[in-house]
Amino acid sequence: MSGRLLRLVGTAVVAAQAVLAPLPAVAVPDPQRSVAELLTDLQRLYRQTEQATETYNGTAVQLERQRAEVRRLNGELARARLSLHDSRRDAARLARQQYQSSTGLSPYVRLLLARDPQRALDEGHVIGQLAREQARTVDRLEGSEKKQNALVRTARRALDTQLRLAERQQKQRNDVRTRLAGIEKLLASLSAERLAELARVEQDGIADAQQKIVTSGALSSARPASEQGDRAVRYAMGQLGKPYQWGAQGPGAYDCSGLTSQAWEHAGTPIPRTSQEQWARLARVPLNELRPGDLVVYFPEATHVAMYLGDGKVVQAPRPGDRVKISPIAANPILGAVRPDPTENPTRPHTPTAQPAP
């Protein structure tokens, strides 16, 4: 977290009003508590909001996949219906042919009465071929009907799943909005002096944590980025100054994992959308082996993520009311780090340079 609390009452409210509807009342900590207790409360609210945001993002990914599956099944069902139509048409044609050519005599009797037995045998061979074709047509008809019925059931289940995911996403959206309202209400209840004191205490805590991790030797020495890592860093740095917005993944705004996932997408290596999935599915890397482009994941629940720049710095979309910025790596409690491109070799040293906010 960073020293931006002096402006959060204005910026957080403005940013939230762009996405929030009227909200139910939420419990807000007592503003008369000590500064340390208030900072703990605020950090807890931000953490809970980010966790709710990542849950929302995860459901959004599932919902998009389910919509794609429904579209695929609908296309397959349309093709199955067309195939069934063709099979029924072929079966009807063969039925008409059989009716028109039927003599009421068995093939054995027709052979006995024929003037030319060899010709009758040849005709019988043709008739046998027609009979086999008819059998195949009937089989195709039965198979098409079974396939259509199975696809109808599968498509119905897929659509039901999509509707459940959409309902779940709506509830999660409301949860995020409610938690954001709690943050707004807490900030609005504080005087400018209290906000300034909160900012100072927050900055002191970050500085202490950064000093400890730097002096401990836990961070890597200067390591060059891979070619893809360099591209990811350059993309993330190009977003400096853009606002944090929950659920956003550019180009005008980002949440934490929206920034990191888009940066690596533009670098040519798609990665999971959420910080929790990034932590779960990407290759782990020790802090003393970090190189630019690696992702630093925060909190025990892996609910926040930033991109390492080198020299103990990260670029991140911090939280509501703030903007994409460069921060100390210890701005939040570190869970660990992951590398999206573990098979890529480093190329050259990368020295990130801060760009002015737009």
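Here is what the cut-offs are and how they apply
Residues numbered from 1 in each chain as written. Predicted model: local features only at pLDDT ≥ 70, side-chain atom pairs only at ≥ 80, totals over all residues. Heavy atoms only, no water. Helix = DSSP H or I, 4+ residues; strand = E, 2+ residues; numbered from the N terminus. Salt bridge = Lys/Arg side-chain N within 4 Å of Asp/Glu carboxyl O. Buried < 20%, exposed > 50% of the residue type's maximum accessible area, 1.4 Å probe, protein only. Polar contact = N/O pair within 3.5 Å; in protein donor to acceptor, adjacent residues only side chain to side chain. Contact = heavy atoms within 4.5 Å. Pairing = 2+ DSSP bridges. Axes fitted to C-alpha atoms, helices over the stretch in contact; angles between N-to-C directions.

Colleague: I would appreciate a short explanation of unusual backbone geometry in the present structure.
Modeller: Among all residues except glycine, the phi angle is most often negative; among peptide bonds, the trans geometry is most common. Residue Pro251 is bonded to the preceding Gly250 through a cis peptide linkage, with omega at -5°. Checked against the element boundaries, Pro251 lands in the loop between helix 6 (227-237) and helix 7 (256-266).

Colleague: Teacher, can you tell me more about the pattern of salt bridges here?
Modeller: Side chains that carry opposite charge are capable of pairing whenever their charged atoms lie near each other. If you walk through the whole model with that rule in mind, you get 14 salt bridges. Between Arg72 and Glu69 there is a salt bridge, with its nearest N and O atoms 2.7 Å apart. Of this pair, Arg72 and Glu69 both sit in helix 2 (residues 35-101), separated by three residues, roughly a single helical turn. Since its relative accessible area comes to 41%, Arg72 is described here as partly exposed. For Glu69, a relative accessible area of 28% gives the class partly exposed. Glu227 is paired through a salt bridge with Arg231; the nearest N and O atoms lie 3.2 Å apart. With Glu227 and Arg231 both in helix 6 and four residues apart, this pair spans about one turn of that helix. Here Arg231 falls in the partly exposed class, since its relative accessible area comes to 35%.

Colleague: Help me understand the side chain of Arg339 in this model?
Modeller: Of note, Arg339 is situated in strand 7 (residues 334-339). From its side chain, Arg339 meets the backbone oxygen of Glu289 in a polar contact 2.8 Å long. Residues contacting Arg339, with those up to four places away along its chain left out, are Leu282, Ala283, Val285, Glu289, Leu290, Arg291 and Asp294.

Colleague: Quick question: what am I supposed to make of the sheet that holds strand 4 (residues 304-310) here?
Modeller: In a beta sheet, neighbouring strands are held together by backbone hydrogen bonds and run either parallel or antiparallel to one another. Read from one edge to the other, the open sheet built from six strands follows the order 2-7-3-4-5-6, with strand pairing classed as antiparallel. Both outer strands of the open sheet, strand 2 (283-284) and strand 6 (325-328), are each paired with one neighbouring strand and no more. Bridge count for strand 3 (residues 295-298) against strand 4 is four bridges, and the pairing is antiparallel. Each bridged residue has a counterpart across the sheet, and for Leu295 the counterpart in strand 4 is Met307. The strands touched by helix 7 are strand 3, strand 4 and strand 5 (313-316); relative to strand 4, the strand with the most contacts, the crossing angle is about 50°.

Structural measurements only, silent on function.
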